[in-house]
Amino acid sequence: MKNFSIVIHGGAGTILKEDMSPELESAYFKALQASLDAGFAVLEKGGTAVNAIKASIVILEDNVLFNAGRGAVFTKKGVQEMDAAIMDGSDLSAGAVASVRNVRNPIVLANEVMRNSNHVFLSGKGANDFAIKQGIKLEPDEYFYSAFRYDQWKAIRDSDNYSLDHTNHHLEELLRDKKFGTVGAVACDADGNLAAATSTGGMTNKKYGRIGDSPVIGCGTYANNKTCAISCTGHGEMFIRTVAAYDVSCLMEYKNFTLQQAMDEVVNKKLLNIGGEGGMIGVDANANHAMVLNSAGMYRGIKNSKGFSEVSIYK
Ligand code: ASP
């Protein structure tokens, strides 16, 4: 049996200790630990990397603190539209959904797309129809309502501050104040199989059916047993333009970079060069992990078979 490990994130952004109450900080730590423990328990029993990351993500999606599932942000129209993706590095199978509504756990639906459809990427009403056909759990709008997210949205809903124009001062403020909040997990199981998953509500006040990097295979999510498993969080448009997750894999495959070197190159050079704020988590096939961010903070955690376990928030 080889070493195994799981790494999770709950979003990156300008997360500063001085803005955090002790109660909120401890709520985040507790949630991250619960998610890590759930994923690790699967690996410990000899479960697959895919099942481990699914278990970790469901816990974060069910927690209103994170911008995924229950805590998803509001769109311009005042509803939640969620994106998610999962990829199995053992055979490069993948499943993703975009702009789905009322799905309790978008990651479960993405997994269903991966396993039980002939497709990789479903969106909008079609994805919802598939969810119903497969008996995926739905919830009413009220389930996704939280006063915190509603206030966040109310403050900007009458403005055009959805735009990802980086020169837009108000948007900058929004991004700075409100973090990103997406959730992700990557794992290497005892058989050396890698998997990655990401789930998000996207950006507050988004419109025109905007989709970020999270569900786009190769951008926000990627796994390949030959190289690594990666889940990203941050300003999605930049992660799409840099094909960020796949670029880490390419640097490892074609240039023999280590996981850490490849992630540093993408996060601290390529993304920074185009103003792409955020971070990513990764594991390689030897269960080595890395967590790299160019923002002030990223909710994150790691637990491995060597007995190392840690959750952290600030840079
Ligand atoms: N990357 C996500 C998006 O652009 C946001 C996030 O990471 O919180 O939709």
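Up top you'll find the structure we're talking about.
The structure contained in this document is the topic of the report that follows. (Residues numbered from 1 in each chain as written. Predicted model: local features only at pLDDT ≥ 70, side-chain atom pairs only at ≥ 80, totals over all residues. Heavy atoms only, no water.)

**Description of helix α4 (residues 124–133)**
Stage number 1. Listed in full, the buried residues belonging to α4 are G124, A127, N128, F130 and A131. One side of α4 holds all its buried residues, which, seen down the axis, span an arc of 160°. Turned more than 90 degrees away from the buried face of α4 sit K125, I132 and K133, all of them exposed.
Stage number 2. As for α4, its buried residues are in contact with β3 (93–100), α3 (106–116) and β4 (121–123).
Stage number 3. Immediately beyond the C-terminal end of α4, within one or two residues, lies G135, with a positive phi of roughly 70°. (Buried < 20%, exposed > 50% of the residue type's maximum accessible area, 1.4 Å probe, protein only. Helix = DSSP H or I, 4+ residues; strand = E, 2+ residues; numbered from the N terminus. Arc of directions from axis to C-beta. Contact = heavy atoms within 4.5 Å.)

**Overview of the environment of R210**
Stage number 1. Here R210 shows up in the loop between β6 (194–200) and β7 (221–223).
Stage number 2. Linking R210 and T75, residues 135 residues apart in sequence, is a C-alpha distance of 9.4 Å.
Stage number 3. Polar contacts involving the side chain of R210 include one to the side chain of E237, which spans 2.7 Å. (Polar contact = N/O pair within 3.5 Å; in protein donor to acceptor, adjacent residues only side chain to side chain.)

**What to know about the pattern of salt bridges**
Stage number 1. This structure, assessed with the given rule, holds 11 salt bridges.
Stage number 2. Across the pair K303 and D37 runs a salt bridge, and its minimum N-O distance is 2.8 Å. Taken together, the residues K303 in strand β11 (residues 297–304) and D37 in helix α1 (residues 22–44) connect sequence positions 266 residues apart. (Salt bridge = Lys/Arg side-chain N within 4 Å of Asp/Glu carboxyl O.)

**Looking at the sheet that holds strand β8 (residues 228–234)**
Stage number 1. Pairing is antiparallel in the open sheet, where four strands are placed in the order β7-β8-β9-β10. Here the strands that pair on one side only, and so sit at the sheet edges, are β7 and β10 (289–293). The sheet shows a mean angle of 10° between the axes of neighbouring strands, direction not considered.
Stage number 2. Relative to β10, strand β9 (residues 278–284) runs antiparallel, the two sharing five bridges. In the strand pairing of β10, M280 is matched with V292. (Pairing = 2+ DSSP bridges. Axes fitted to C-alpha atoms, helices over the stretch in contact; angles between N-to-C directions.)

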